[in-house]
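One-letter residues, chain by chain:
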Amino acid sequence: MRQLVEDLQTIEDRLRQGGGAKRVEKQHRDGKLTARERIGKLLDPGSMFLEIGLLIAYDQYDGQAPAAGVVTGVGKIEGRPAIVVANDATVKAGAWWPETITKILRAQEIAMRNRVPIVYLVDSAGVNLPLQDGIFPGQYGAARIFYYNSLMRRRLHVPQIAAVMGPCIAGGAYLPALSDVIIMVEGTSFMGLGGPNLVKGAVGQVIDAESLGGARMHTTVSGVAHFMAKDDAACVELIRKRFRALPLGPPAPQGVTPAKPAEGLYDLMPADHRLPYNVEDAIARIFDGQGDGGDYLEFQPNHAPELLCADVKLFGRPVALVANRRGFLKTEGGPRIGGIVYTESARKVAYFVENAERNGVPLIYFQDVSGFMVGAEAERDGIIRAGAEMVESMACATVPKIVLTLNHASGAGYYAMAGQGFDPNFTFGWPTARIGVMEGDSAVQAVHGPELEKLKAEGKPVPDELKERIERTRADYDRWLDARYAAARGHVDALIDPLETRRVLAFALEIATAHGNREHLILETL
């Protein structure tokens, strides 16, 4: 785990450098702060910035699109939780890659789901034209950003503040235009449906950028922008002033120190991901203290123990926890395999989740699941119907759902444990997370098993060509199951250091409960 965390931090440090020192220098010469410098000044001093999607596309485009050219995350502004979207102009002038759209949409979905204000720090040259086919069209193309803008403004009443701190070109100009408040920076910002060159080519007018779409023009003539700031620092202060006018939520409750120190989480997971460990040890290092008089209460501890359901507290907030146990477990009905969902455990979780929904208690899922039980006995026990009950209760629950993948997240078990497709409020993973249909060895058996069996029956050796295909299959699955691969494709919001688990989950829970919204995201956007 220590090595995985170190490797992850090395990648993250490199990505946070954006386009590199020379482009940062240019941004400063142009009188502008970088995206991360702006965020640093915007958020409350010493507060947490929970970055979402930092690893998106890190292994694509020959490394030329760090963080997909946009910084997205959650922090606090004047004591109020907020989503921040900041174009990184050091990366190809802040142009939009296909994955930039993915990140902006995810940030907007977090704002909508949790009814949290969103701030756009705009500094973008617009669409990365050679890749426009993956940006412009489609249901989840750039247009959906403006769809979400409109829903937040007219239906959901989620505050949106847009600060144009550099160029804001063409269709991208609708992002600030569909926000509640628009701030521009004198001398450095531009907003227009076409720049001077396009205007000259289209209508024959010769005009400079400042006269066409600068801050002074938009705040004195067109009236499109509402405020003009003299520089980036003044612009950030204007945003903070607007936040001071928003309602302040109730103070967060106080929690109890966990029973065990977080440092032990590094030694929790075995080096071989197939070996068992004690998930209760993780719980004791993350949630509020569970000693005498503590609030930890496991639901049906002696029934279907492969799935742990418990009432816990996180910094004083009640939470319903669902976690997979690993290893071989002894029960009255015989041994059971941890990490597998049986008929009884599926029904147990469904009932537990329904109770959490009735009582308005948020759900946290600790995923380490290999899938549902298969075989004649399982089918006779009605595993399909029980699994459907587990999925349905989770899918229809309106309380906040936060997911942490510790190890395996395989097969339909991943879905039933609040997989990403069910719109949980937040999804996180440890560097040990392995998200996929199945493990490599299982895939080898599924793909090449019949051929291997035939060779065995005929008494023939395995040919080199088949051996090569088997190794390619195993290598593909090893790559696909790497946590960084999942993070690079947005399958988790963030990979986190286990030592930060309690803090990250508590902050995500605070955001998810800040405004008491209990509507499904899909219903909000239709």
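For the structure, see preceding data.
Here we summarise the structure given alongside this text. (Residues numbered from 1 in each chain as written. Predicted model: local features only at pLDDT ≥ 70, side-chain atom pairs only at ≥ 80, totals over all residues. Heavy atoms only, no water.)

**Focus: the overall build of the chain**
- Regarding its fold elements, the chain presents 20 helices and 20 strands.
- The globule rule puts the C-alpha radius of gyration for 526 residues at 24 Å, and the 25 Å found for the chain is close to it.
- Along the first, second and third principal axes, the C-alpha set of the chain runs to 80 × 65 × 40 Å.
- Looking at the chain residue by residue over its 526 residues, the buried ones come to 54%.
- Here the analysis covers contacts within the chain between residues at least 6 apart in sequence; of these, 75% occur between residues at least 24 apart.
- For the chain, the exposed area adds up to about 23,400 Å²; of that, 54% sits on carbon and sulfur atoms.
- Put simply, the chain has 58 plus and 64 minus side-chain charges, and the middle of one group is 4 Å from the middle of the other. (Helix = DSSP H or I, 4+ residues; strand = E, 2+ residues; numbered from the N terminus. Rg over C-alpha atoms; globule rule 2.2 N^0.38 Å. Buried < 20%, exposed > 50% of the residue type's maximum accessible area, 1.4 Å probe, protein only. Contact = heavy atoms within 4.5 Å. Areas by Shrake-Rupley, 256 points an atom, 1.4 Å probe, with all protein chains shown as cover. Lys, Arg positive; Asp, Glu negative; His and termini not counted. Charge placed at Lys NZ, Arg CZ, Asp CG, Glu CD.)

**Structural notes on the pairing of strand β18 (residues 426-429)**
- In β18, alternate side chains face the same way, and those of Phe-426 and Phe-428 on one face and Thr-427 and Gly-429 on the other are all buried.
- Of the strand pairs in this sheet, strand β17 (residues 401-410) and β18 are connected by four bridges, and their pairing is parallel. Residue pairing for β18: Leu-404 is matched across the bridge by Phe-428.
- Since β17 and β18 lie parallel, the crossover through helix α15 (residues 411-416) that links them has a hand, and here it is right-handed.
- As defined by bridge partners, β18 adjoins strand β20 (residues 494-495) across two bridges and the pair is classed as parallel. Looking at β20, one finds that Gly-429 is bridged to Leu-495. (Pairing = 2+ DSSP bridges. Right-handed = clockwise from strand over helix to strand, strands pointing away.)

**As for the packing of helix α4 (residues 98-114) against helix α5 (residues 143-156)**
- In contact at an axis separation of 10 Å, α4 and α5 are set at 15° when each is read in the N-to-C sense. Between α4 and α5, the angle falls in the class roughly parallel. Remark: the crossing between α4 and α5 carries left-handed chirality. Residues Ile-101, Ile-104, Leu-105, Gln-108, Glu-109, Ala-111 and Met-112 of α4 pack against Arg-144, Ile-145, Tyr-148, Asn-149, Met-152 and Leu-156 of α5.
- Here the contact of α4 with α5 is composed, by residue class, of nine nonpolar, two polar and two charged. (Axes fitted to C-alpha atoms, helices over the stretch in contact; angles between N-to-C directions. Parallel < 35°, antiparallel > 145°, perpendicular 65-115°, else oblique. Left-handed = near helix turned anticlockwise from the far one by under 90°. Nonpolar A, V, L, I, M, F, W, Y, C, P; charged D, E, K, R; others polar.)

**Brief notes about the pattern of salt bridges**
- Per the counting criterion, the structure on display carries 41 salt bridges.
- Asp-44 serves as the salt-bridge partner of Arg-240, at 3.1 Å between the closest nitrogen and oxygen. Here the residue Arg-240 occupies a position in helix α10 (residues 232-244), and Asp-44 occupies one in the loop between α3 (35-42) and β1 (50-51), the gap between them amounting to 196 residues. Each of the two residues, Arg-240 as well as Asp-44, counts as buried.
- With its nearest N and O atoms 3.1 Å apart, the salt bridge here joins Glu-451 to Arg-469. Of this pair, Glu-451 sits in helix α16 (residues 440-458) while Arg-469 sits in helix α17 (residues 464-480), and the two are 18 residues apart along the sequence.
- The exposure class of Glu-451 is partly exposed, given its relative accessible area of 34%.
- Taking the relative accessible area as the measure of exposure, Arg-469 reaches 22% and is therefore partly exposed.
- Several salt bridges share partner residues, and in doing so they unite Asp-44, Glu-78, Glu-237, Arg-240 and Arg-244 into one network. (Salt bridge = Lys/Arg side-chain N within 4 Å of Asp/Glu carboxyl O.)

**Observations concerning empty space enclosed by the protein**
- Applying the stated rule across the entire model yields one cavity of 30 Å³ or more.
- Roughly 50 Å³ of volume is contained in the largest cavity.
- Contributing to the lining of the largest cavity are Gln-367, Val-403, Thr-405, Tyr-414, Ala-418, Gly-419, Gln-420, Thr-427, Phe-428, Ile-435, His-491 and Val-492.
- Elements with a contribution of two residues or more to the lining of the largest cavity: β17 and β18.
- Looking at side-chain class alone, the lining of the largest cavity contains six nonpolar, six polar and no charged residues. (1 Å grid on protein atoms, 1.4 Å probe; cavity = no way out; pocket = protein on both sides within 12 Å on 5 of 7 lines; lining within 4 Å. Points joined across faces, edges and corners; volume = space filled by probe spheres on them.)

**A look at the nonpolar core**
- The biggest cluster of nonpolar side chains holds 75 residues, and the ones touching the most others in it are Met-152, Phe-287, Phe-366, Phe-428 and Trp-430.
- Ignoring sequence-local partners within four residues, the contact set of Phe-366 consists of Ile-283, Ile-286, Phe-287, Leu-321, Val-322, Ala-323, Asn-324, Leu-404, Leu-406, Met-417 and Leu-505.
- Within the second largest apolar cluster, 26 residues are counted, among which are Val-322, Val-353, Ala-397 and Val-403. (Core = buried A, V, L, I, M, F, W, Y, C linked by side-chain atoms within 4.5 Å.)

**Points about the packing of aromatic side chains**
- One pass over the full model with this rule turns up nine aromatic pairs.
- Judged by centre distance (4.8 Å) and plane angle (50°), the ring pair of Tyr-61 and Trp-97 falls under tilted. Taken together, the positions of Tyr-61 in the loop between β1 and β2 (70-77) and Trp-97 in the loop between β3 (80-87) and α4 put the pair 36 residues apart, joining distant regions of the chain.
- On the basis of relative accessible area, Tyr-61 is assigned to the partly exposed category, the value being 25%. (Phe/Tyr/Trp six-rings, centres within 6.5 Å; stacked < 30°, edge-to-face > 60°.)

The analysis is restricted to geometry; functional conclusions fall outside its scope.
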